[in-house]
Amino acid sequence: MPPPVQIICASEKDRTFLRGVFAALGAEAVFSADLNDALAVLEKTRPAAVFVADGEEPPPEVQLRELKRVAPFLPVVPLLKRRDAGRAVELMKAGALDCAQAPWTEEALRPLYRKALRLTGTAVTLDSNALRSRRRSLALALAAFFAFAGFAGGFYYGFRRFSPKALQPHSFLLPYAHPTGIVIRDGSALISDWYSQAVYEHNLKNFGIRRVTSLPETTPVAMTATPDFLWLAGTDGVLQKRLLDARYTPVTKTPPLSPRPDSVCYDGLYYWTADSRTGRIVKRMPNDSLTELKSFAYPGGKLSALTCDKRFLWAADGSLKSVLKMSLDDPERVLSRTELKAYSSRTLKITAMAASGGKLWFAGEDGDRALVFFENEPK
């Protein structure tokens, strides 16, 4: 029997729901109404992980800090009630194992629970003196930041040693967890990852990593390229124009765009941005501000990712489990809809797309793994 998980949650409604979810996962859940209660039983329960519900006092940021004071390597997973990539990044920088986004379903929590179990054995080494002191005054500090900083400082050299495992001839696992953008150019695939705040250059044939470029000032959520420049969209809605050199040197940046895009592409003449939350697609001028020309409503079900080439707009649709082809002249008109076989996995979330050489490339998350794959362009 795996060790229990501890859940800090005051809401009786949320406790009832989470009790059912973790029971379905085969996990023994120990509930605490607040942080002090959790700290009082932490040493006795020795949990595999602590899940902290959002929307209560103190907020997850404070609870994470105090839990890390007494158990620096304890996996802590905030359960966010609202999707917020920027906040999730800050929590993980502060030491969270990962963040669960709403809704807190069995499918969403299963990979996080499994990830926590893989760390069991080293994660719950408690400092008993710190625990007793924290229960008295919430004052003793054991820094968790340096563990994260050590990981971040060494990720470049570590990742260069590994190549993703091939799933099938056109699909590869990625050695990072949260891909957000993909660009195909010059025999390479460039993929951005928001958690590690980096752009990875892969060999297009075997997806071995050629180069990793860290972007500590940027949290990339979308990416596209022209022959001369790379464009990166951040969580703040700003798109950065960068050189295609070894460091992707910044050149200019746009004002914050509205709605904040999580997809961006270039059709050879115009730029297109899309926001999956609102389902808005925006055609933009090819200037440094990416001035809006016209906004369109996405004509499908649930937009997951958007890309384009010189002929069409392409969209991955999670609710229709399909790829939609749309007109560049009228994006609200669907030209074709083709079922995407990869959506046979119920946990697949496509987060980025690219069109190149008669192929559509997809990057995304499937449970607790990230992957990239391609399909021939639908007719």
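Everything quoted here is computed from the prediction, not taken from an experiment.

A.B. asks: Looking at this model, I keep getting lost on the overall build of the protein chain. Mind explaining?
C.D. replies: When you go through the protein chain residue by residue, the secondary structure sums to seven helices and 25 strands. The buried share of the protein chain, taken over its 379 residues, is 51%. For the protein chain, the accessible area works out to roughly 17100 Å², and carbon and sulfur atoms hold 52% of it.

A.B. asks: Help me out: how do you make sense of the packing of aromatic side chains in this one?
C.D. replies: A ring pair, where both rings are aromatic, is described by two values, the distance of the centres and the angle of the planes. Applying the stated criterion to the full structure yields eleven aromatic pairs. Aromatic pair F22 and F51: ring centres 5.0 Å apart, planes at 65 degrees, arrangement edge-to-face. Taken together, the residues span a long stretch of sequence, with F22 in helix α1 (residues 12–24) and F51 in strand β3 (residues 49–53) at a distance of 29 residues. Residue F22 is classed as buried on the basis of its relative accessible area, which comes to 0%. With 4.8 Å between their ring centres and 50 degrees between their planes, W361 and F374 make a pair best called tilted.

A.B. asks: When you look at the sheet that holds strand β7 (residues 179–185) in this model, what are you seeing that I'm missing?
C.D. replies: Strands pair in a sheet through their backbones, by hydrogen bonds, and they do so in one of two ways: parallel or antiparallel. With antiparallel pairing, four strands are arranged side by side in an open sheet as β7-β8-β9-β10. Either end of the sheet is taken by a strand with one partner, and the two such strands are β7 and β10 (209–214). Within the sheet, the average angular offset between the axes of one strand and its neighbour, ignoring direction, is 20 degrees.

A.B. asks: When you look at the confidence of the model for the protein chain in this model, what are you seeing that I'm missing?
C.D. replies: In regions of low pLDDT, the predicted coordinates are not meant to be interpreted in detail. Averaged over all residues, the pLDDT of the protein chain equals 84, while 86% of them reach at least 70. When the criterion is pLDDT under 50, residues 121–167 qualifies, and its contacts beyond four places in sequence or with other chains add up to 81 contacts.

A.B. asks: Honestly, the side chain of K241 in this entry has me stumped. Any pointers?
C.D. replies: One can find K241 in strand β13 (residues 239–243). Judged by relative accessible area, which is 13%, K241 ranks as buried. Leaving out residues up to four positions away in the same chain, K241 has contacts with F229, L230, W231, T249, P250, V251, T252 and D288.

A.B. asks: What's the story with the state of the cysteines in this structure? I'm lost.
C.D. replies: Any covalent bond linking the sulfur atoms of two cysteines counts as a disulfide. Counted under the stated rule, the structure contains one disulfide. Two residues share a disulfide in this structure: C265 and C308, whose sulfurs sit 2.3 Å from each other. Judged by the sign of its S-S torsion, about 125 degrees, the cystine formed by C265 and C308 is right-handed. Here C265 is found in strand β15 (residues 263–266), whereas its partner C308 is found in strand β19 (residues 303–308), with 43 residues between them in sequence. Both residues of the pair, C265 and C308, belong to the buried class.

A.B. asks: So what exactly am I meant to see when it comes to helix α3 (residues 60–70) here?
C.D. replies: Structurally, the α-helix is built with 3.6 residues per turn, so residues lying three or four positions apart point the same way. Most of α3 sits out of view: eight of its eleven residues are buried. Residues of α3 that are buried: P60, Q63, L64, E66, L67, K68, R69 and V70.

A.B. asks: Would you explain the pattern of salt bridges in this entry?
C.D. replies: Once the charged atoms of two side chains with opposite charge are near each other, the side chains can pair. For the structure on display, the rule yields 14 salt bridges. We note a salt bridge from D98 to K115, for which the minimum N-O separation is 2.9 Å. With D98 in the loop between α4 (85–93) and α5 (106–118) and K115 in helix α5, this residue pair connects regions lying 17 residues apart in the sequence. Here the two residues D98 and K115 agree in accessibility, since each one is buried.

A.B. asks: Can you help me understand the nonpolar core in this one?
C.D. replies: The nonpolar side chains of a soluble globular protein tend to be buried with one another. Judged by nonpolar contacts, the single largest core of 22 residues is most densely connected at I7, L18, F22, F51, L79 and L109. Of all elements in the fold, only β1 (5–8), α1, β3, β4 (76–79) and α5 reach the threshold of two or more residues within this core. The element that contributes the greatest number of residues to this core is α5, accounting for four residues. For L18, the contacting residues outside a window of four places in its chain are I7, C9, F31, L79, W104 and L109.

A.B. asks: What should I look at first to understand α4 in this one?
C.D. replies: Restricting attention to buried positions, one finds in α4 the residues A88, V89, L91 and M92. Down the axis, α4 shows its buried residues gathered within 165 degrees of arc, on one side only. Of the residues one or two after α4, G95 is the one with positive phi, at around 120 degrees.

A.B. asks: How should the sheet that holds strand β21 (residues 322–327) be read in this particular structure?
C.D. replies: On the basis of which strands lie adjacent, the open sheet formed by four strands has the order β19-β20-β21-β22 and antiparallel pairing. Since the sheet does not close on itself, it has two edges, and those belong to β19 and β22 (334–339), each with one partner. Geometrically, the sheet is characterised by an average inter-axis angle of 20 degrees between neighbouring strands, direction not taken into account. Alignment of β19 against strand β20 (residues 312–317), held across five bridges, turns out to be antiparallel. Bridge pairing in β20 links T307 to W314.

A.B. asks: Sorry if this is basic, but what is going on with the pairing of β21 here?
C.D. replies: Of all the six residues making up β21, six are buried; the element is thus mostly covered by neighbouring parts of the structure. By the alternation rule, side chains of β21 split into S322, L324 and M326 and V323, K325 and S327, which are all buried. In textbook terms, the turn of a hairpin is the stretch between consecutive antiparallel strands, and for β20 and β21 this stretch comprises four residues, one of which, K321, has a positive phi near 55 degrees. Where β21 and β22 come together, five bridges link them in antiparallel fashion.

A.B. asks: Before we go on, may I ask you to explain the side chain of E201 in this structure?
C.D. replies: Tracing the sequence through the fold places E201 in strand β9 (residues 198–203). Owing to a relative accessible area of 17%, E201 belongs among the buried residues under this scheme. Not counting residues up to four positions away in its chain, the partners in contact with E201 are S188, A189, L190, G208, I209, R210 and R211.

Conventions and cut-offs
The residue count restarts for each chain, going from 1 along the sequence in the order it is written. With pLDDT at 70 or above as the cut-off, local features in this predicted model cover only qualifying residues; side-chain atom pairs require 80 or more to be listed or tallied, and sums for whole chains, interfaces and linings still use all residues. The side-chain values count all of the structure's non-hydrogen atoms but skip hydrogen atoms and water molecules. Every helix listed is a DSSP run of H or I at least four residues long, and every strand listed is a run of E at least two residues long, numbered separately from the N terminus. Using a 1.4 Å probe on the protein chains alone, a residue whose accessible area is under 20% of its type maximum counts as buried, one over 50% counts as exposed, and one in between counts as partly exposed. With residues, only the protein chains shown are counted as cover, and all accessible areas are computed by Shrake-Rupley using a 1.4 Å probe. Whether two aromatic rings pair depends on their centres lying within 6.5 Å, for rings of Phe, Tyr and Trp, where Trp uses its six-membered ring; planes under 30 degrees apart make the pair stacked, over 60 edge-to-face, and the rest tilted. Between any two strands, pairing holds if DSSP finds at least two bridges. Where helices are involved, their axes are fitted lines through C-alpha atoms of the stretch in contact, as for all axes, and angles between N-to-C directions lie from 0 to 180°. By definition, pLDDT measures how confident the predictor is in each residue, and it falls between 0 and 100. In this description, contact between two residues means that some pair of their heavy atoms is separated by no more than 4.5 Å. Sulfur atoms of two cysteines make up a disulfide when they are within 2.5 Å. The salt bridge definition used is simple: a Lys or Arg side-chain nitrogen within 4 Å of an Asp or Glu carboxyl oxygen. Throughout, nonpolar core names a set of buried Ala, Val, Leu, Ile, Met, Phe, Trp, Tyr and Cys residues whose side chains join them through atoms within 4.5 Å. Arc definition: directions from the helix axis to the C-beta atoms.

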